[in-house]
Structure formats: structure tokens, C-alpha cells
Amino acid sequence: MKFFILFISFSFNLHAWTLSSGAITRFPSDTIALNVATNDSCSNAGITHNELLNEAFEAAEQYWNKVPTSRLRFIKGTTKAVDAYSIANQTSGSVKGEILLGCKDEADFNTLGAIAVGGRSITFPDGSISKAWVSIDGSASSTYDSLSKTERLAVLAHEIGHAIGLGHSEQDSLMYFSVVPTREKLSDDDIAAVSWLYPNRSDSFDVLGNCGTIAMVGGGNGPGPFQFILTAMLGLFISLMFSKRPKASLL
Amino acid sequence: MKNFLMALVLLFSQNLYSAGVGIGGFSPFVGVYQKDEQGSSNTLDFKPYISAFGKIPVLKGQLYFRPELGHVFSYKLLSNNKNQSQSFTFVLFNFSYGLFKGFYINSGVGTFWQKIKSVSGSKTFNNGNSTSTYYYPGLTVTSTSSTFNLGIEQELKNISLSLMTYWFAPLNSEKRALSYTLNLSYFL
């Protein structure tokens, strides 16, 4: 019995995916550009700015762009010099609708004990993300270049996950708080998380799967015309199902 | 809109039709997500679901309109995840074409509503050398997806066995994903 109680006490009240903050924050647009700041060298991380841009986009394509139930889509941007870019002030160089990536040669990474960091800031009252960033450790002690290609892509995709508003997960997934060397795809937990935060549009016939708005229980947008048609068809279908009619003969 | 609804009323008012209910398993997004640390992807996730359908002849003896309503029961996402779950509700507008006695090819379009539920809370996790607090949202969100459907069905007297595939985001090469169902139905 005590083992059963112990099991119950440990297995209840567990969650998995999380958000970065208590308030719901998300990009207002469906499409997010990945750009790379060229202010700081990435040589200590073993890559060039263009390679970082390519790897970031590859990571986004391999992970986040594959979710059929999310409207979110990442596109490849450019490399560019920005006004200011540092871990202490990460968002100052980024602009709305982009995630700004870059390398930083700063002691903060040693303090953080991280290979990379990602995040976003919110300046709009509705919780829209105004600026977002991913910074790679570009210091002499950087271990980024010792990672395999698979691990680097997972690290970039993980930090992009933070930049779009997701927090850590307590179980094996892309958003798990530690690098898992064999992580090559999202988990069903990651898919649920991004679909929760950026769900597909509820008011259109979305065969392209690339646009969306929010539809929440207790709030959000009401049903659109397509859902109305479906509802009307359902009503007809159910009412006719329960009326007395002769069966169709089988072939 | 009015003409469309009128057409539906006429369609459903045909004298000959049948209806049935079914049970089966739903496998979402085959190969899209990773199941474990060993790197294996999902293939056969048999999530239980129920359905109800109608069958309305469009062309005598050959072609049927086969609308269907289904619900995939709520399930947990990860093995220990007790406070977050998801379920699917779907409507299919398929046509069923009889190839030979009792054997049909079904095809059409559908809409899936993925309901993702989360109970609010917070937890502190490792974050580099320190820890950070992260938050579980306390809202249920629905993501709506349209599908292209294709499958086969074998009828035997009052029951039928079907295998249906559902292409989510069929025109989007990045997001396109295949789900499928195995279904056993009973004609009422």
C-alpha cells in the first residue's frame, strides 16, 4: 500500500511543456525571419555568420516548420550589422518579426553555464513579442564547435523555442533542459506546445497549413464561416441519422 | 450560403441512405515526432476513437456521399504527463466509390480540431548553472486543420472494416503530415 501511495504522490500533478512566462506571449505574425548579427565574430564557436544562418534555418526547418497543427513558419533572413548586441542587452539589435541570432564573446556564458541562450521581450500590452534573440557562446571557452551537427541543430532549435515563448520541459523532448545527443525531431510534447501557442487558424479552410489565429476556450476568436458551414452540415447529418429511413443496399 | 444549405438539405433528403457507428484507432502524424531517446519515430499510435457516419447514394449503386463525425479520446502526451492532454474531433466529407462487391475506395476532405488542454501551474527547472521558473498555461486551445482523405473499406453484411489516411496540410510540402485510422463500423 505505501508503495502505491508513493507512486500516486509522484505521478500526480506532473506536467511537461511550459511557457517562458506566466503571461501568454507570442509573435503576432505567422512568419518569423531568422537573421544573424555580424557585430561579433563566431570564430571561437567554429562557424561563420553565414554558416550560423544556414544552420539556424536548417534547425527551424527540421523541427518547428514541420508541425502540421501550428501556423508558425520560419524563413531564412540575412546577415547584418546591428546597432548594439550583447547578452546584457540582447534585444537592442533585433526588430519586430525576427529572431536575431549572433555570437557573443562575453563572460556571461561562463556564469550561465550555457552553450547558447534564447529569449524575447514584450513591449505590447497584448503580450505580442516585439524582439527576440538567440546568442551563441563566442568566447574562447566556447564548446559549441565540439558538438555534432545533430546537437548543434538541436541547440539552435531549442533556443529558437525559447525565443518564440516556450519554456523548458521536464521530460525528454527538444525543450528538455539538457542536450540529448540523439534528438533529431520534436516530441509529441513539443508539437502540442507550439500548436497550443501558435494554433492553426480556426476560421478558414487551411489546406496550406500556414496561417492562423488563436481559438481558446473561454476567449479568443469565434467560429468563422467555414466552421459555421460544418456546424450546419453536422446538424443536418445528425438529425437525419435518427430519422426512420430505409437502408441503402450494399453492393 | 443559402443555396449551399439548400443543396445540403436536398442531398440529405434522399430516400435511400444508411448510417452507422464505428470504433477504431487513430495514429497522428506518422514519422513526425520522436518517441524516445534512442531516436525512433512514431509509427503506430493507436489512439482510440469513435465515429458516426452516413451513406447517401449519389449515383445508383456506384458512388456514395459518406460524411463522418469522429472523436479521438483525450490522451496524455508524455508518459507521466497528468495535467496536459489532447484530443481530436473531426468531420469528414468523403465520397465512397464501389469497385466491386462490398469493397469501396473512400476519398474527400475533412477538418480536424485538435484540442490541447493544460492545467495552470509553475515549476522550477535547471537552466544552465542555475534554475528558472517556467509556467504551465491554464487554458484549452483548439488548432484547426484541414485534410485530404484517402482510404479503403470492405463491407460484410452489417459491418465494415476501413483503413483511412489523412493528409494534414496537403499542399504544404514542409508541414504535410500523414495520419491514419483503422476502423470497425456497424451499420444501424
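Residue positions are counted from 1 within each chain, in the order its sequence is given. Here the convention is simple: chains get letters from A, ligands get numbers from 1, in the order in which they are written. In view of the model being predicted, local features appear only for residues whose pLDDT reaches at least 70, and side-chain atom pairs are presented and counted only at 80 or more, with totals across whole chains, interfaces and linings using the full set of residues.

**Student:** So what about the overall build of chain B? Which residues, and what values?
**Tutor:** A run of H or I in DSSP becomes a helix once it reaches four residues, and a run of E becomes a strand once it reaches two; helices and strands are each numbered from the N terminus. Scanning chain B from N- to C-terminus turns up 1 helix and 10 strands. For chain B, the succession of helices and strands along the chain, N to C, is α-β-β-β-β-β-β-β-β-β-β. For the exposure call, what matters is how many other C-beta atoms sit within 10 Å of a residue's own: 20 or more marks it buried, 12 or fewer exposed, and in between partly exposed, using C-beta atoms placed from the backbone. Expressed as a percentage of the 188 residues in chain B, the buried residues total 38%. Note on contacts: each residue gets a C-beta atom placed from the backbone, and two residues are in contact if those atoms are within 7 Å. For chain B, the share of sequence-separated contacts (at least 6 apart) that also reach a separation of at least 24 residues comes to 49%.

**Student:** Please provide a residue-by-residue account of the pairing of strand β9 (residues 159–168) of chain B, values included.
**Tutor:** Residues and elements named next belong to chain B. Strand pairing is assigned whenever DSSP identifies at least 2 bridges connecting the two strands. Two strands pair when backbone bridges link them, and strand β8 (residues 140–156) and β9 are joined in this way by 10 bridges, in the antiparallel orientation. Bridged to Glu153 within β9 is Ser162. Across 10 bridges, the pairing between β9 and strand β10 (residues 177–187) is antiparallel. Bridging from a neighbouring strand, Phe168 pairs with Ala177 of β10.

**Student:** Got a sec to walk through the environment of Glu61(A)? Specific residues and values, please.
**Tutor:** All names here are of chain A. Considering the arrangement of structural elements, one finds Glu61 in helix α2 (residues 49–62). Residue Glu61 is classed as partly exposed on the basis of its 17 C-beta neighbours within 10 Å. Linking Glu61 and Asp189, residues 128 residues apart in sequence, is a C-alpha distance of 18 Å.

**Student:** An account of the pairing of strand β1 (residues 31–37) of chain A is requested, with residue identities and associated values reported.
**Tutor:** Residues and elements named next belong to chain A. With 5 of its 7 residues buried, β1 lies for the most part within the structure. As judged from the 6 bridges shared by β1 and strand β2 (residues 73–80), these two strands associate in the parallel manner. Each bridged residue has a counterpart across the sheet, and for Ala33 the counterpart in β2 is Ile75. On the question of chirality, the crossover connecting β1 to the parallel β2 by way of α2 is right-handed. Crossovers are marked right-handed if the path from the first strand over the helix to the second runs clockwise, as seen with the strands pointing away from the viewer.

**Student:** Which residues make up the confidence of the model for chain B, and what values do they have?
**Tutor:** Keep in mind that low pLDDT regions are not for reading the predicted coordinates in detail. All names here are of chain B. In this model, chain B carries a mean pLDDT of 85, and residues with pLDDT of at least 70 account for 88%. Averaged pLDDT values over the elements of chain B bottom out at 50 in helix α1 (residues 2–12) and peak at 95 in β9. Reported confidences for the modelled complex are a pTM of 0.81 and an ipTM of 0.86. The pLDDT score gives, residue by residue, the confidence of the prediction method on a 0 to 100 scale.

**Student:** Could you give an account of the confidence of the model for chain A, with specific residues and numbers?
**Tutor:** Residue and element names in this part refer to chain A. Put simply, chain A has an average pLDDT of 74, and 67% of its residues get 70 or more. Taken element by element, chain A is modelled with least confidence in strand β7 (residues 219–220), mean pLDDT 34, and with most confidence in α2, mean pLDDT 95. Confidence over residues 1–13 falls short of pLDDT 50; this stretch has 5 contacts with residues more than four positions distant or in other chains. Scored below 50 in pLDDT, residues 242–251 makes 16 contacts in the model with residues more than four places away or belonging to other chains.

**Student:** Quick rundown of the packing of α2(A) against helix α4 (residues 149–163) of chain A? Include the residues and the values.
**Tutor:** Residue and element names in this part refer to chain A. Structural elements are reduced to axes, namely lines fitted to C-alpha atoms, with helices fitted over the stretch in contact, and the angle between N-to-C directions of any two is expressed from 0 to 180 degrees. Here α2 crosses α4 at 75 degrees, and the two axes come no closer than 8 Å. Classified by the interaxial angle, the pair formed by α2 and α4 is roughly perpendicular. Contact with α2, carried on its side by Glu55, Ala56, Glu58, Ala59, Ala60 and Gln62, involves Arg152, Leu153, Leu156, Ala157 and Ile160 of α4 and no other residues of that element. Oblique is the label for any angle not under 35 degrees, not over 145, and not in the 65 to 115 range, which are roughly parallel, roughly antiparallel and roughly perpendicular in turn.

**Student:** Give a detailed account of the environment of Asp145(A), specifying residues and quantitative values.
**Tutor:** Residues and elements named next belong to chain A. Among the secondary structure elements, Asp145 is positioned in the loop between β5 (129–137) and α4. Each C-alpha atom of the pair Asp145 and Gly46 lies 5.0 Å from the other, and the pair is 99 residues apart in sequence. When neighbours within four sequence positions are excluded, Asp145 is seen to be in contact with Ala45 and Gly46.

**Student:** Before we move on, can you summarise α2(A) with the specific residues and values?
**Tutor:** For the α-helix, the turn length of 3.6 residues means that residues three or four positions removed from each other point alike. Residues and elements named next belong to chain A. Expected span of a helix: the number of residues minus one, times 1.5 Å. Taking 1.5 Å per residue as the helical rise, α2 with its 14 residues ought to reach 20 Å, and the 20 Å between its terminal C-alpha atoms agrees with that figure. Where α2 is concerned, the buried positions are His49, Leu52, Leu53, Glu55, Ala56, Phe57, Ala59 and Ala60. Packing partners of the buried residues in α2 comprise β1, β2, β3 (98–104), β5 and α4.

**Student:** An account of unusual backbone geometry is requested, with residue identities and associated values reported.
**Tutor:** Residue and element names in this part refer to chain B. We note that Phe29 has phi near 50 degrees; this positive angle belongs to a residue other than glycine. When you line up the elements, Phe29 lands in the loop between β1 (18–27) and β2 (47–59). In this structure Phe29 comes out as buried when scored by C-beta crowding, with 21 C-beta atoms within 10 Å. The backbone of Lys157 shows a phi angle near 55 degrees, a positive value even though the residue is not glycine. For Lys157, a count of 8 C-beta atoms within 10 Å translates into the label exposed.

**Student:** Go over the nonpolar core with me, naming the residues and quoting the values.
**Tutor:** In plain words, the nonpolar core is the set of buried Ala, Val, Leu, Ile, Met, Phe, Trp, Tyr and Cys residues that C-beta atoms within 7 Å link up. In this structure, Ala56(A), Ala60(A), Trp64(A), Ile99(A), Ala157(A) and Ile160(A) are the most contacted members of the largest nonpolar core, which totals 70 residues. Among all residues touching Ala60(A), those that are not within four sequence positions of it are Leu34(A), Asn65(A), Phe74(A), Ala157(A) and Ile160(A). In terms of nonpolar packing, the next biggest core, distinct from the first, is built from 8 residues, Phe26(B), Val72(B), Phe90(B) and Leu92(B) among them.

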